[in-house]
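# Descriptive analysis of the structure
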Amino acid sequence: MRKLIALSFLIAGSALAAPLLINGAGATFPFPLYSKWFGEYQKTHKDAQFNYQSIGSGGGIKQITARTVDFGASDAPMSDAEIAAAPGIMHIPTVLGAVAVVYNGLPAGLKLSPEALADLFLGKITKWNDARIAMLNPGMKLPDVAVTIAHRSDGSGTTAVFTDYLGKVSSEWKSKVGVGKAVKWPVGLGGKGNEGVTGLCKSTPGALGYVELAYASQNKLTMASLRNADGEFVAPSIASTSAAAAGVTLPADFRVSITNAKGKASYPISAFTYILLYKDQADAAKGRALTQFLWWATHEGQVVAGPLDYAPLPAAVVSKVETALRTIMVQGRSALAAN
Amino acid sequence: MLLPQTDRRHIGDRVFGIVLPVLGCALLAVALIIFFACAKLALPAIEKLGVLRLLTGSDWNPVEESFGALPFIYGTLVTSLVGIVLALPISVGLALFLTEMAPRQVRVVVAMLVQILAGIPSVVYGLWGLMVLVPLLRSTVEPALGRWLGFLPLFRGPPIGLGYLAAGIILAIMILPTIASVTVEVLRTMPQALREGALALGATPWEAIRLVVLPYARRGIFGAAILGLGRALGETMAVTMVIGNQPEIHASLFSPGYTLPSVIANEFAEATGAVHTGALAALALALFLVSLTLSGAARVLIRSRRLR
Amino acid sequence: MKMRVHSAVRRVVNWGMTGLCLTAVLMALMPLGSILWLVVSKGARSLSISFLTELPAAVGESGGGVGNAIVGTLYLVVLAGLLGLPLGVGAGVYLAERGAGRLGSAVRFTAEVLGSVPSIVVGVVAYGLVVATMHRFSALAGGLALGILMVPTLARATEEMVRLVPHTLREASLALGVPAWRTTLSIVLRTAWGGILNVALLGIARAAGETAPLLFTSLNNQYWNFRPDQPTASLTVQIFNYAISPYEDWQRKAWGSALVLLLLVGLLSLLAHFTRRRSAI
């Protein structure tokens, strides 16, 4: 025992010279990509380690507001009230993603209208062979199986994006359930994180859930095509996500919703995902490392996005991000220039 | 030469006489710290919503900052009751087997195995529950229960696997060692002469148990069950992994639900705003007070048996 | 005739009830068998040197291990021991040596009921005390939570160990003119040392298996960490994350990590057993 203590202090001593550890927490939506990014970035930048915990966007916002982490991550932009609680917070979009509607136990190629989707999640459609689903999918053999809704149990940006969409297409959803990172679900199972919901959908026959595209495709879940604002049925993909972002003009603080976007090829539940950090970085070394990483992620890092089913940022957005990154300050100087 | 030594002895004893009670009081302080740390975090929610609304409201809606814990209290009670109902007969049977029937060697082995059962970490039970129990419930047990006992509202609805029943079964397995070992202790305190008297009067071993042993141990077993209940109420990880996480009240045991500890585990790290955090801390505070009460009551019951 | 039927019925009932008790034993041990078998058989498949020594791989990449989580769990229980052992053992010695009065009864009762406080509650407390004030998740917060959890059981068990020391030993020492405090330290505690060590090791084994109080205190970390003021990986949190994930590779790793955790807990318990047998009482 005594030796163990001595050993741990020895290691603790030597660890003081270890690389800078930058802690982040938040969205599970971009976690597969972030985890890849931090791994790749570490190979060429050995002096900085990024520890990212995917605890959900709600957690990301709470922890960056409480300053228990160096950066947060969220797919839902912070509300005005949340920003007021965290003065000086910035949103940096890193990539675009799609929220896929996934199901278990039915043939591939299911088509859903916004109304049917809302009715399913409101608990008004309880069986897969309901006439409202059969009408949209002529010729598909629909089983007499109960629909088991799977949703998030934690505060989630994916939920915020999904309910934002449902709120736009269904007034009943808007009044009964509402829009937010955590809502009062009328029916269903709760899973923790995109990981948890994907796990539920994968293991439960008759399940219907919503997860980030990367989780759906990596786990080979069947995804529904949704009827978009122009009346076309569109499946989630990188191309249909980029199409949704094409017509959008970003405000200076990047906070924007691109759900139910116009355009024939647009997937209706797409979103930017953000890293949240303070404009004035208290710790100079961490501030510089973080800013440099964000520059790398929004430039070189974008190449990695495609293979992992995230859509890269449009060029116009990247140039706006560059401007924003230049405004991050450490000790009164630009974090990028200070290097 | 003598004087300074007695002096030193006095000083040493006096220091000791201060340090030891301080260490004892530190333990009391730990209890107070737990209470006040929770209470401080809980205050914003208690101020905004009031204790009554927090405990009896059935609406848990972070968007509108409306927090009522009834679905969690219900889920906690239902899963714990299922756990006790399943665990109690099995533990008492196990305890009777260990004290009244088994030969020495068997007793030692079984007692050791029960010890191992008690030592398995909660998260491993959860892993097993998620990978083994839930699929089993979904594919076999719940459809069968629905077919045979479906006339009861308890066993209706689609077999999902995750839910009250899964959590209850996991809890039963987890509290079984607690109830069994306390029952064994209670049975051991019983004078051998009573048992032998019954046997000498021509009672079969079972009659000796039914007429002498069980009546003697009744209060102790009740205490053991309450101790098990206390453990079940606070169990977090294994339940969180199989309960289904839905803050609703359902009559059917097949339905997904939620418990007090699981909602804290899932939401505490991400609760935005002092009211949401406060509501969760209030639940923790309630859990703390309930577990103190139950455990205190159980001790009194178990001990009163011993003194009589 | 009637007598004989009656006694036959009584005998059948006796057998039946014995059979039921035996069934209860089997029902109690069945889950244990299933859990142990699956953890060992499934866990062994992912066990390897790299699994024990490497950092976790990125999502979707094969390979990688839980080395940092193993070290993290050890680090957390050492911190917990540093915080919890002095307090728990000290309170136990107090109860045994000076705990006869009303204060002693209060402390004893508190120790008994605190032993059943849900671990998640202590997690909330450590969050409020450490994470919220230091503005970061840290190994220290996790260690504090585990340390607090250890104290009550430790105090009660230490008291029992100290009480086991024969009175004659203590009286002999006092009769030789050794002051009471030195008698306690060098006679009573030295005799009870093996038992106390046993109790401490069991407490540490139990702490190593805790998950709930770590979720929002030590959080997690995908790197090595030896600093008390930084988040730390732990086997239990890692098992939780892997278990609820959809990736088959991660689920395999959950079983592997569970095997490592069980081995660790088992080893500590075995060590405890060994110290108890070697001790004087």
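Quick summary incoming for the structure in this document. Each residue is numbered by its place in its chain's sequence as written, counting from 1. Lettering for chains starts from A, numbering for ligands starts from 1, and both go in the order in which the items are written. In keeping with the predicted nature of the model, local features appear solely for residues at pLDDT of at least 70, side-chain atom pairs appear and are counted solely at 80 or more, and the whole-chain, interface and lining totals rest on all residues. The side-chain numbers reported here are obtained from all heavy atoms of the structure, hydrogens and water having been left aside.

Contact criterion: two residues are considered in contact whenever any of their non-hydrogen atoms come within 4.5 Å of each other. The partner chain B presents 26 residues to the 29 residues of chain A that form the contact. Here the quantity called buried area is the total loss of accessible area, with a 1.4 Å probe, experienced by two parts when brought into contact, counted for both. Interface area for chain A against chain B, summed over the two sides, is near 1,900 Å², with a carbon-plus-sulfur share of 49%. What makes a salt bridge here is a side-chain nitrogen of Lys or Arg within 4 Å of a carboxyl oxygen of Asp or Glu, nothing more. Remark: the boundary between chain A and chain B carries two salt bridges. Polar contacts, as used here, are pairs of N or O atoms within 3.5 Å; protein pairs need one atom able to donate a hydrogen and one able to accept it. Residues neighboring in sequence count only if both atoms are side-chain atoms. Across the contact surface, chain A and chain B share seven residue pairs in polar contact (both at pLDDT 80 or more). Under the scheme used here, helices are H or I runs from DSSP no shorter than 4 residues and strands are E runs no shorter than 2 residues, and both carry numbers assigned from the N terminus. Secondary structure elements with two or more residues in the side of chain A that touches chain B: α3 (57-65), β6 (148-152), β7 (189-191) and α9 (193-203) of chain A. It is α3 of chain A that contributes the most residues to the side of chain A that touches chain B, five residues altogether.

Another aspect to go through is the packing of aromatic side chains. All names here are of chain A. Each Phe, Tyr or Trp ring, with Trp reduced to its six-membered ring, pairs with another whose centre is within 6.5 Å; inter-plane angles below 30 degrees give stacked pairs, above 60 give edge-to-face pairs, and intermediate values give tilted ones. Taken as a whole and judged by the stated rule, the model has 36 aromatic pairs over all chains. Relative to Trp-37, the ring of Tyr-34 has its centre 5.6 Å away and its plane inclined at 15 degrees; by these criteria the two rings are stacked. Within this pair, Tyr-34 and its partner Trp-37 are both found in helix α2 (residues 31-44), separated by three residues, close to a single helical turn. Any residue under 20% of the maximum accessible area for its type is buried, any over 50% is exposed, and the rest in between are partly exposed; the area is computed with a 1.4 Å probe on protein chains only. Given the relative accessible area of 0%, Tyr-34 is considered buried. Owing to a relative accessible area of 0%, Trp-37 belongs among the buried residues under this scheme.

With that settled, the discussion passes to empty space enclosed by the protein. Here a cavity denotes a set of grid points, spaced 1 Å apart and computed over the protein atoms alone, in which a 1.4 Å probe fits but from which it cannot get out, and a pocket denotes an open set meeting protein on both sides within 12 Å along at least five of seven lines; residues with an atom within 4 Å of a point are reported as lining. Grid points are joined across faces, edges and corners, and a volume is the space filled by probe spheres set on the points. Scanning the entire structure with this criterion turns up four cavities of 30 Å³ or more. There is about 140 Å³ of room inside the largest cavity. If you trace the largest cavity, you find 16 residues lining it, with Ser-153, Val-183 and Trp-185 of chain A together with Pro-247 and Glu-267 of chain B closest to the centre. Side-chain classes are defined by residue name, with Ala, Val, Leu, Ile, Met, Phe, Trp, Tyr, Cys and Pro counting as nonpolar, Asp, Glu, Lys and Arg as charged, and the others, Gly among them, as polar. Among the residues making up the lining of the largest cavity, the classes are represented as seven nonpolar, four polar and five charged.

On to the sheet that holds strand β13 (residues 280-281) of chain A. Pairing between sheet strands relies on hydrogen bonds along the backbone, with the strands arranged either parallel or antiparallel. Residue and element names in this part refer to chain A. By the convention used here, strands pair only if DSSP detects at least 2 bridges between them. Strand order in the open sheet formed by three strands is β13-β14-β15, with mixed pairing between adjacent strands. Strands with a single pairing partner mark the edges of an open sheet, and in this sheet they are β13 and β15 (333-334). Here β13 pairs with strand β14 (residues 329-330) via two bridges, running parallel. Within β14, the residue paired with Gln-281 across the bridge is Val-330.

Listed as interface residues are 70 residues of chain B and, on the opposing side, 72 residues of chain C. When residues of chain B are sorted by the area they lose upon contact with chain C, Phe-16, Leu-27 and Trp-206 of chain B head the list and together hold 10% of the total. If you look at where chain B meets chain C, you find one salt bridge. Across the salt bridge formed by Arg-10 of chain C and Glu-207 of chain B, the nearest N and O atoms sit 2.7 Å from each other. At the surface where chain B touches chain C, the tally comes to six residue pairs in polar contact (both at pLDDT 80 or more).

Here we take up helix α8 (residues 180-208) of chain C. Take the number of residues in a helix, subtract one, and multiply by 1.5 Å to get its expected span. Over its 29 residues, α8 of chain C extends only 37 Å from the first C-alpha to the last, a length that falls short of the 42 Å expected when each residue adds 1.5 Å. To get the bend at a residue, fit one axis to the 7 residues ending there and another to the 7 starting there, then take the angle between the axes. At Trp-193 of chain C, α8 of chain C is deflected by roughly 55 degrees, the largest bend along its length.

This part is about the sheet that holds strand β11 (residues 233-234) of chain A. Residues and elements named next belong to chain A. On the basis of which strands lie adjacent, the open sheet formed by three strands has the order β5-β10-β11 and mixed pairing. The sheet is open, and its two edges are formed by β5 (111-112) and β11, each paired on a single side. Sheet topology places strand β10 (residues 225-227) next to β11; two bridges connect them, and they run antiparallel. Residue pairing across strands places Leu-226 opposite Val-234, the latter belonging to β11.

Residue and element names in this part refer to chain B. To define axes, lines are fitted to C-alpha atoms, for helices over the stretch in contact only, and angles between the resulting N-to-C directions are given on a 0 to 180 degree scale. The N-to-C vectors of helix α7 (residues 192-200) and helix α8 (residues 205-234) enclose an angle of 145 degrees; their axes lie 9 Å apart at closest approach. Considering only the axes of α7 and α8, their crossing is right-handed. For the pair α7 and α8, the contacting residues are Leu-194, Arg-195, Ala-198 and Leu-199 in the first and Pro-205, Ala-208, Val-212, Val-213 and Tyr-216 in the second. What makes a crossing left-handed is the near helix being turned counterclockwise from the far one by less than a right angle; a clockwise turn instead makes it right-handed.

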